[in-house]
Amino acid sequence: MGKIIAFVSQKGGVAKSTLARGVASEASKSGLSVKVADLDTQQGTFAEWHRIRLNNSFNSIGSVEVFAKAKDAIDQADHYDLLIIDGAARASSATLEIAKIADLVILPTCASRDDLTPAIRLAHELQQKGTPNKDIALALTRVGTQSEIDDAREFIQQSGYQVLDGELQEKPGYRQAQNDGLSITETRYKSLNEKAD
Ligand SMILES: Nc1ncnc2c1ncn2[C@@H]1O[C@H](COP(=O)(O)OP(=O)(O)OP(=O)(O)O)[C@@H](O)[C@H]1O
Ligand SMILES: [Mg+2]
């Protein structure tokens, strides 16, 4: 059975799909067989991005599929080195189901308290329902200044949850790249790619 990484959140627009695309493109480049389960049945954001990617003749990142049921997505892990689950906004029972089985659950969050508080609340809920603390990590996304980053890291540290090293800065270049089917490590700006990496 391959490894499973899931991106989940309570709030929308915190860069779940953005990070999932980045991890998928890098993992695929490094030679892993990758499956992406897009659980956002309403938008199919990841799947749509991948369609644009293929239309623009960029490398396929593997197999991308939209799933309505978390269980069907999880079953895919048997056939790939890495299963990436791009969750829909608003944690649900599906989120809990995914979190229990994933090797790593990443909760992307912007740096404001309005975003951090629901992310930490979701982390609590996942933990209470059986996801080990070591499998949960927050990731800072769409950040602006260093002081904002420092403040957010301190706030997260007090909650007792891990936060991934590095953070994703808010940059139009990241949006632009994704409009064309490219990931945050594939923008036209070398410095943005290196930071995202
Ligand atoms: N670092 C960034 N800099 C600039 N724009 C960004 C960045 N990260 C994400 N965005 C943009 O913000 C929007 C939301 O990002 P994304 O779709 O990845 O979030 P999401 O958590 O998957 O949202 P949803 O909850 O709707 O699934 C998108 O338009 C995306 O291009
Ligand atoms: Mg999304």
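No experiment lies behind these values; they were computed from the predicted model shown. (Residues numbered from 1 in each chain as written. Chains lettered and ligands numbered in written order. Predicted model: local features only at pLDDT ≥ 70, side-chain atom pairs only at ≥ 80, totals over all residues. Heavy atoms only, no water.)

Caption draft 1: Summary view of unusual backbone geometry. At Ala 15, a residue that is not glycine, the phi angle is positive and equals roughly 90°. Its location among the elements puts Ala 15 in the loop between strand E1 (3-7) and helix H1 (16-29). For Ala 15, a relative accessible area of 10% translates into the label buried. Residues other than glycine seldom take positive phi values, yet Arg 142 does so here, at roughly 55°. For Arg 142, a relative accessible area of 37% puts it in the partly exposed group. (Helix = DSSP H or I, 4+ residues; strand = E, 2+ residues; numbered from the N terminus. Buried < 20%, exposed > 50% of the residue type's maximum accessible area, 1.4 Å probe, protein only.)

Caption draft 2: Fine view of the site of ligand 1. With respect to spatial proximity, 17 residues lie near ligand 1, and among them Lys 16, Ser 17, Thr 18, Arg 142 and Gln 169 are the closest. Lys 16 places a polar side-chain atom, nitrogen or oxygen, 2.7 Å from an oxygen atom of ligand 1. Surface burial for ligand 1 is 81%, taken as the share of its 630 Å² of free accessible area covered by protein chains. Of all the elements in the fold, those that place two or more residues in the shell around ligand 1 are H1, strand E7 (162-169) and helix H7 (172-179). (Near = heavy atom within 4 Å. Polar contact = N/O pair within 3.5 Å; in protein donor to acceptor, adjacent residues only side chain to side chain. Areas by Shrake-Rupley, 256 points an atom, 1.4 Å probe, with all protein chains shown as cover.)

Caption draft 3: Here's a closer look at the environment of Ile 156. Considering the arrangement of structural elements, one finds Ile 156 in helix H6 (residues 146-159). Sequence separation between Ile 156 and Leu 140 is 16 residues; the distance between their C-alpha atoms is 10.0 Å. Beyond its immediate stretch of four places on either side in the chain, Ile 156 contacts Leu 116, Ile 120, Leu 138, Leu 140, Tyr 161, Gln 162 and Val 163. (Contact = heavy atoms within 4.5 Å.)

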